[in-house]
Each structure stands twice: as C-alpha cells, then as structure tokens.
There are 2 protein chains.
Amino acid sequence: MITVYEAGERAKKASKSIMLRTNDEKNSALLLIAKALREHADMIIEENKKDIAVAREKGMKESLVDRLMLDGKRVEALAASVEEITLLPDPVGEVVEEWKRPNGLKIKKVKVPMGVIGIIYEARPNVTVDAAVLCLKSGSSVLLRGGSDAINSNKCLVEVIKKALSETLISPDAVMLCEDTSRESATKMMKMNQYLDVLIPRGGAGLIRSVVENATVPVIETGTGNCHIYVDESADLDMAKEILINAKTQRTGVCNAAETLLVHASVAESFLPVAGKALSEKNCRILGCEKTRAIITAEEATEADFATEFLDLIISVKVVESIDEAISHIEKYSTHHSEAIITEDKEAAEKFFREVNSAAVYHNASTRFTDGGEFGFGAEMGISTQKLHARGPMGLREITSYKYIIEGVGQIR
Amino acid sequence: MITVYEAGERAKKASKSIMLRTNDEKNSALLLIAKALREHADMIIEENKKDIAVAREKGMKESLVDRLMLDGKRVEALAASVEEITLLPDPVGEVVEEWKRPNGLKIKKVKVPMGVIGIIYEARPNVTVDAAVLCLKSGSSVLLRGGSDAINSNKCLVEVIKKALSETLISPDAVMLCEDTSRESATKMMKMNQYLDVLIPRGGAGLIRSVVENATVPVIETGTGNCHIYVDESADLDMAKEILINAKTQRTGVCNAAETLLVHASVAESFLPVAGKALSEKNCRILGCEKTRAIITAEEATEADFATEFLDLIISVKVVESIDEAISHIEKYSTHHSEAIITEDKEAAEKFFREVNSAAVYHNASTRFTDGGEFGFGAEMGISTQKLHARGPMGLREITSYKYIIEGVGQIR
C-alpha cells in the first residue's frame, strides 16, 4: 500500500498531463471512463458486496448500508453522469477579463486548473467517481481519501478509472486514491501543502470541523445548512405554506432543507395553525418558542434547538416582532447557507436580500434550490459555506483558479 | 488593554454598520479619516518618535528604522493615499452574473463584503492606515495586529481613524487594533473563526509560514516571490538586457523583483557577457551554473541558491538547453509569483503562457509590473501566491466575497 505522501506526489506529478489537455481530449477520456465503468460493472458490484458484508457485520444501519450499495442500476447511473459531464463547457482558458494599461501592457485574466484537488469524504462510493471526473474535467488531478467502509468499492472504481486513463494522454496518476483509511492518513493529507492546492471535505459536520481545525492546505468548507424560512407580515400565506412544507419535508437529510421557521407576529395567528397542521400531516415534530406554543401545540424549543441542523423531520419555530428580529435571529443562528423570505412586499424582500449574509438568499422560493444542478451548473462538487473563493453551489468553474497573462513590447518600470 | 478576542468580537459586531453603507457614505468617512490624519499629524509623529527611540535602543538597522519612521511628509502621503481610495469604484453590489432558470427563478451573483478581515503584519505603520481604509471601502471591518516595533504609532493612528468614524454611520469598532503584540495574541487570532472571515498576513516569509501553518481561519497567502526571467533563443537581446536589469535591480527588496535568470544555450555566449557586465555595473553579485561560469565570471550557484528569494543585489543564473527545461526549472523552484519570457517567437510565448503555472506570466515585460497599482487596481492589499480565492495583486474586488440572490414566485422542488 503506498503512503498518502506518495499518492500526493504522484497526483502532483500527473497534474501537468491533465492541465494541458483540450476539452475534446478531456471529454474523450471521460467517455472511456464511462465505458469502463459499464464494462466492469460486475467486478465493481462484487467488490462493493465485500464492503456491504463488512458493514452489515459491524451492524451498520440499513439506511446507511443503502447509501453504500452499488447495483447494476447505480453503476449505470454513475456511467451516465460521467457522460453528462462531457456536455458541460470547459472552464479552462476562459478569459474572465482583459484590459490594456496606458503603458501598452495587455493584461488578460484567464481561468486555469487548480492543480491538485484533495477530497476527504465518507462512505458513499459514488463520490469517488463524481469527484474524480469533475476534477479531471476542470483540468486538475485529484487525491481521493474515502472512508474505510467503502474501501473495496473505491479501490475497484479507481482502478477502472486508471485503466481508462491509461489509453489517453492523461496520466493514470491524475486520479489517486489514498488506500490508507486510518485517521493518520487524513491528518497527514490535511498538511500536504507541497502537493495539494485545495482540500474539500465532503461529509458530516464532524469531518468538516476536523478538516477546518487541522488543515494547513487551503480548505473549502462545505455543507452544514441551518436554513431559515421567514414568513413576513405581507406574505401570501398559501405560498408560504407550500414553500415551508417543500423546504422542510421534501428531503430532510440534505443541507438545503429548512430547519427553522420564523413567523412575523402579525400573521402568526393566521399562519401557524395552517402550517402546524401541514407539518404534522408530514409527521414533522414541531419545537416552538413561547409565543408559538400559545397558538399551536408544540414542544418547547431551546436555544440549542435553534442552532441545530436537524436533518430530520423536526422544525424549530419562532414568532418575531419584525423583519429586523428575523434578520438578527438568522445572523445569530444560521450557518449562512440558504435563507428565504416569503413576502409580497418588495421593500421587505430588498431589505432581506441586502442584510441577510448567507450564500443563497431567496424571495418567494424554497431553499431546496441551492444546488449545482438547480442553479444550472450541471454538476456539483459541494456547497461552500465559507466566504473565500467559492460560496454556495460549486460547479466546474468554482474548482478552477486563474492567472494573469501579460503581453509587452519591452516595458520596464 | 482589551484581549484579541474582545477586539475580534467588537469588529464582528461592527461589521454590519460598514457592510450596509453606500459608496458615498464610505467615501465621506474616508475623507474624514484623511482630514483627521492631517489634523493630528503632530501627535502621530510624536508617538512614532517613541517607537523610533525604542527601535534605536534595541539596535535596529537604520534601513528598518527608516521603514518605521513617520514624518510630516509621510503622514501627508498617507492622508493623500486615503483620498485616492475614495476615487475607486465600489465593488460591493456589483452584479457579476445574472441568469434565469427554466422554472422562472431569477438568480443574481452579487459582490458582497467579506465581513471581518484580519491582518497580521510587521513593522511598517503605514500598513495600519492602508489596510484599514481598503477594508472599510470594501465594506468590511478589520482587525489589525501589527508588530510591537510600531505599537505606539499604530495605537495613535487607529485612535485617529476611530475618532473620524465616530462622526459617521460606521461604528468606530469597524477598525480594531490588537494592542497585545505578544506571539500568543497572533496565535489566538489565527484560530478566531467565529469572528474572522479571512486572514491576510503581510510581512516576511517567516510570518507567512507561521500563519499558514497555524491558522484555522481561511488565509490568503501573500508575498514571497522567487521570480524568473527566461531569455529564449529568439529573444531581442537588447530588450532582454533592459528587462533583466529592471527586474533585478530597480528595487531589490520587493516580491516582484527577479531572482533567477535562465538563458537558452544557443544565446548564452552572446547574451551572458552583456548581461554580466550590466549586472556588475549595478553591483549585482552573480551566482552561476557550470555552463554560465564557462562563459562569464561568477560564483558557483548551489541548488539552494536557485530556491532563494534574495531580495538583494544577487542573481542566480542558469543556462538551459530548451524552453522545456526553463519551464521545468521554474516549476521546481518558483514560488509561482511572476515569471517572464523574452522572445520574438510567438509560439514560444504561447507555450510559456500555457505551461508556466504562476500568478502572473509575462512576455517581453518586466516582472516588476505585478502590482495592484501597475495593474490598474488603484490600491493593493498584497499579492496572493496561492490559487484559492485571489491570485496575484489583490485590489478592492479581491477582498470581497459574493452571494446569490434568487427571486421566485413560489417555486418549490
């Protein structure tokens, strides 16, 4: 088993072989990867079965076993998603800006690959393929460090990808897997500044915190979403109900699901009974502030509840006296992922847009749209909740860097 | 003396008071700051004299004492540079992109302030004013942590700035100074993720390394520049000499000065004697590879020399057999700041642009142009040598973030 350092070094060495490829060359490689995934579906599923067996032996919950599982349909879906990436425009080489200085220097700001992208993630083996292919299309090599639960699947998937790459101008080392799934290998990877240009953690809050606290490699923090729906005094209450139910219950385990409902006091008495009934019909537990509980039946919401990303059929509810109180509540408790105001008052919406300091701020729409696909990016590497580099959904353009190209005729200072 | 935590907390609380200001409001505040600097010039100079006295007592080199020193002329220059910042366009609110989704959602990507910017820097007190004013103009509060050598000057400058802000809608806490100049205060600040959105170190390589190694707050790495001039086989050798002398000797202590000369073997015999003579006339020491020393008089260049940012009248020289060898040498030794190719061959220039992976890549111009002012940004917060967020000179736009604003009419998923 090679060390994480060796894996990083090889990814770095291979980065030039992918950095210089044209869009056509990269797409051809991706199509070969899709083909190889289909051709080796049986082998992939066999290896995946080993992971599943170990997981069941360890007593893993069946919902998690399901996330780990690859069958014929899922491998086909993986291959198809690789093919879809070929349809996306290549961000590399895009001239973002271009200008001429009074001294005649022509300056171009051009998108370039990041170099080597490190991904630390947990059990789902489909991330192995998704992340590898997005990195390749963006012109970067990738060092993947998945969890031990999926190690057999991951090894097999990366082997299949490397085999496809060996038929192209891209070095198979452009996709490296850290086969050592010990905690130490992750910790080492977080400090491999000599090989990695950026580190993206994908997984639960614990993993992300550990990466942020320990990494010296620049990190893009992803994921945790304590998202809010604020129903303003002038809201269309039918629309508010639809959006609330969608944002809270359509899928609960995702970062763009709503966790807290804020209701303006002047509509609390008319809205809360309707909202409460609709939430209860979806089996959603309601944790309410004192004023909420004076209007509908709810458990008591604590300070800690308002700070919690439930990722479950639970919602905290608070009645606020003004839009300012709603904004202050969001400022205090939000992870600054996605928030929505439901209002017919244009000025209130403008104020919410201006003052709410989150990656995605909505007026009259569900927070569930914060997603690379829904934004039209075609694919997604995660959703950034930090302000540096990328914020919100990260597509291909967000995992590139830029450089300046300057043309002169002998200019000196 | 307040703790660094208290200073951070106050800067964070004040960030809303600056985030929401219009360009006119920010410019008025800046003009008041410029006025206050002029009015309190005597007090500033008095306080600065205390720092100078301590520095001389400690035996500080006179060249460093000079960097620390403020006199009437320098305070006036500071005030004038604050006024210049008011002339720059406000990046906040700029709609970077705007599109509509098939479901009718209107998505806007809008530039927003970073929030709270932390700056850790060394002796020069002018950074205190420059950095504070750039942050304010970009809509962010700032937590300044300068070195102990300038502490009296820094306290006085920040007091003057705060006094000016107290007459505006911007909270004086939008500019906070960490008065504790112990190593511990800097280390604590590097981990203040709850208050700081980004940390920018400005200073020597040691400071920057320490911040990169210890910070959990996202960092923009700045500064170190091991820059290269490559003279290609088809170079205009007169132009090459002018650019080399400018890049190496016009100012030696700056990050965009050249440190290594690479010369194609086919022009080494004609170029090196001319270049060597011109460098010697500027009292520049020459450290050469074996092939260089076969042509001109030079000391022996070691591996370590090629990796050194001399910041002095010293240059390392290497003869290369091809443009590929030049690019490989740069890939191995460069800090990826700025590199230049001197050539009349358009294809060689294109290859250099494509394959050299540095923040600024030049064709037939001096590396000394990698500078916010020279790029036309009007002001500069430093020069990033990392690939995340900002690369190369950072002006006002580079110290902002963005958010997505999404307008709906009730859309759900």
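Thresholds applied
Residues numbered from 1 in each chain as written. Chains lettered and ligands numbered in written order. Predicted model: local features only at pLDDT ≥ 70, side-chain atom pairs only at ≥ 80, totals over all residues. Helix = DSSP H or I, 4+ residues; strand = E, 2+ residues; numbered from the N terminus. Rg over C-alpha atoms; globule rule 2.2 N^0.38 Å. Buried ≥ 20, exposed ≤ 12 C-beta atoms within 10 Å, placed from the backbone. Least-squares fit on C-alpha atoms with pLDDT ≥ 70 in both. Contact = placed C-beta atoms within 7 Å. Domains from an automatic or database assignment. Axes fitted to C-alpha atoms, helices over the stretch in contact; angles between N-to-C directions. Parallel < 35°, antiparallel > 145°, perpendicular 65-115°, else oblique. Left-handed = near helix turned anticlockwise from the far one by under 90°. Nonpolar A, V, L, I, M, F, W, Y, C, P; charged D, E, K, R; others polar. Pairing = 2+ DSSP bridges. Expected span 1.5 Å × (residues − 1). Right-handed = clockwise from strand over helix to strand, strands pointing away. Arc of directions from axis to C-beta. pLDDT = per-residue confidence, 0-100.

This part takes up the overall build of chain A. Of regular secondary structure, chain A possesses 16 helices and 16 strands. Against the compact-globule benchmark of 22 Å for 413 residues, chain A has a radius of gyration of 24 Å, which places it among compact chains. For chain A, the spread of C-alpha atoms along the principal axes amounts to about 70 × 65 × 35 Å. In chain A, buried positions account for 54% of the 413 residues.

Turning our eyes to something else, we now look at the relation of the copies chain A and chain B. Note on the identical chains: chain A maps onto chain B by a rotation of 180° and an axial translation of 0.0 Å, with an RMSD of 0.0 Å. Expressed as a symmetry operation, the mapping of one chain copy onto the other fits a two-fold axis. No C-alpha of chain A approaches the rotation axis more nearly than that of H389(A), which lies at 1.8 Å. When the interface residues of chain A are mapped onto chain B, 100% of them again lie at the interface, so the same face is used by both copies.

Now for the domain arrangement of chain A. Domain annotation of chain A identifies domain 1 (4-222 + 394-407) and domain 2 (227-373). Computed from C-alpha atoms alone, the centre-to-centre distance between domain 1 of chain A and domain 2 of chain A is 35 Å.

Two quantities define a packed helix pair, namely the angle between the axes and the distance from one axis to the other. Residue and element names in this part refer to chain A. Helix α7 (residues 151-165) packs onto helix α2 (residues 23-39) with a crossing angle of 135° between their chain directions and a minimal axis gap of 8 Å. Here α2 lies oblique to α7, going by the angle between them. In terms of crossing hand, the pair formed by α2 and α7 is right-handed. In contact with A29, L32, I33, A36 and L37 of α2, α7 contributes V160, I161, K163, A164 and L165. Split into classes, the residues belonging to the contact of α2 with α7 amount to 9 nonpolar, no polar and 1 charged.

Residue and element names in this part refer to chain B. Strand order in the open sheet made by the 4 strands is β5-β4-β3-β6, with parallel pairing throughout. Every interior strand has two partners, whereas the edge strands, β5 (175-177) and β6 (198-202), have only one. Neighbour-to-neighbour, the strand axes of this sheet turn through a mean angle of 20°, independent of strand direction. In terms of strand pairing, strand β3 (residues 116-121) meets β6 through 5 bridges, oriented parallel. Across the sheet, G118 pairs through a bridge with L199, a residue of β6. Packing against the sheet, helix α1 (residues 4-19) makes contact with β3, β4 (141-145) and β5, and its axis sits at approximately 150° to β4. Lying over the sheet, helix α6 (residues 126-137) contacts β3, β4, β5 and β6, oriented at roughly 160° with respect to β4.

Further remarks concern helix α6 (residues 126-137) of chain A. Residue and element names in this part refer to chain A. Compared with an ideal rise of 1.5 Å per residue, which puts 12 residues at 16 Å, α6 spans 17 Å between its outermost C-alpha atoms and is within 8% of the ideal. For α6, the tally of buried residues reaches 11 of 12 residues, placing the bulk of the element in the interior. Buried within α6 are the following residues: V127, T128, V129, D130, A131, A132, V133, L134, C135, L136 and K137. G139 sits one or two residues past α6 and shows a positive phi near 90°.

A few words now on the interface of chain A and chain B. Note on interface size: it is often stated as the accessible area lost on association of the parts. Taken together, the contact between chain A and chain B spans 53 residues of the former and 53 residues of the latter. Only α9 (205-214), α10 (237-249), α15 (346-355), β13 (360-365) and β16 (400-411) of chain A provide two or more residues apiece to the side of chain A that touches chain B. Of the residues that constitute the side of chain A that touches chain B, the class distribution is 25 nonpolar, 16 polar and 12 charged. Relative to strand β16 (residues 400-411) of chain B, β13(A) runs parallel, the two being bridged by 5 bridges. Its bridge partner being in β16(B), H363(A) is matched across the sheet by E407(B).

With that settled, consider unusual backbone geometry. Even without a glycine there, the phi angle at H389(A) is positive, about 70°. With respect to the secondary-structure elements, H389(A) resides in the loop between β14 (383-384) and β15 (392-393). The phi angle at N364(B) is positive, at roughly 55°, despite the residue not being glycine. On the basis of neighbour counts, which here come to 22 C-beta atoms within 10 Å, the residue N364(B) falls in the buried class.

Before going further, it helps to spend a moment on the sheet that holds strand β4 (residues 141-145) of chain A. Residue and element names in this part refer to chain A. The sheet built from 4 strands is open, its strands ordered β5-β4-β3-β6 with parallel pairing. What marks the edges here is a single partner per strand, and that holds for β5 (175-177) and β6 (198-202). Here the average twist between neighbouring strands, direction ignored, is 20°. Two elements, strand β3 (residues 116-121) and β4, share 5 bridges in a ladder whose sense is parallel. The residue bridging I117 from the neighbouring strand is V142, located in β4. Lying on the sheet, helix α1 (residues 4-19) is in contact with β3, β4 and β5; it crosses β4 at an angle near 150°.

We now examine the pairing of strand β12 (residues 338-342) of chain A. A regular strand places its side chains on the two faces of the sheet in alternate fashion. Residues and elements named next belong to chain A. In terms of residue burial, β12 counts as a mostly covered element, since 5 of its 5 residues are buried. Looking at chain direction, strand β7 (residues 227-231) and β12 are connected through 4 bridges and run parallel. Bridge pairing in β12 links V231 to I342. Relative to β13, β12 runs parallel, the two being bridged by 4 bridges. Each bridged residue has a counterpart across the sheet, and for A340 the counterpart in β13 is Y362. Once you follow β12 into α15 and on to β13, the crossover reads as right-handed.

This next bit is on α15(A). Residues and elements named next belong to chain A. Taken as a whole, α15 has its buried residues at A348, A349 and F352. With its buried residues spanning 100° around the axis, α15 presents them on a single face. Summarising the geometry of α15, the exposed residues directed more than 90 degrees from the buried face are K346 and E347. Close packing links the buried residues of α15 with α14 (323-333), β12 and β13.

Residues and elements named next belong to chain A. Most of β3 is tucked away, with 6 of its 6 residues classed as buried. Of the two faces of β3, both are covered, the one formed by V116, G118 and I120 as well as the one formed by I117, I119 and Y121. This β-α-β element, β3 to α6 to β4, shows right-handed connectivity.

All right, on to the environment of R67(A) then. Residue and element names in this part refer to chain A. Tracing the chain through its elements places R67 in helix α4 (residues 62-68). Taking the number of C-beta atoms within 10 Å as the measure of exposure, R67 has 16 and is therefore partly exposed. Ignoring any residue separated from it by four or fewer positions in sequence, one finds R67 in contact with A123 and R124.

Take the environment of D42(B) next. For D42(B), the location among the structural elements is in helix α3 (residues 41-57). As a C-alpha pair, D42(B) and A186(B) span 144 residues in sequence and 30 Å in three-dimensional space.

Moving on to the confidence of the model for chain A. Averaged over all residues, the pLDDT of chain A equals 96, while 100% of them reach at least 70. In the model output, the complex is listed with pTM 0.93 alongside ipTM 0.94.

Turning to the packing of helix α5 (residues 72-86) of chain B against α6(B), a few remarks are in order. Residue and element names in this part refer to chain B. Packing of α5 against α6 brings their axes to within 10 Å, and their N-to-C directions diverge by 15°. Compared by their axis directions, α5 and α6 come out roughly parallel. Between α5 and α6 lies a crossing whose hand is right-handed. Here L78, S81, V82 and I85 of α5 come into contact with α6, specifically with N126, V129, D130, V133, L134 and K137. Of the residues that constitute the contact of α5 with α6, the class distribution is 6 nonpolar, 2 polar and 2 charged.

As a further point, take the environment of D238(A). All names here are of chain A. You can see D238 is positioned in helix α10. Among the residues examined, D238 registers 10 C-beta atoms within 10 Å and is labelled exposed. Measuring from C-alpha to C-alpha, the distance between D238 and F271 comes to 8.9 Å, with 33 residues separating the pair along the chain.

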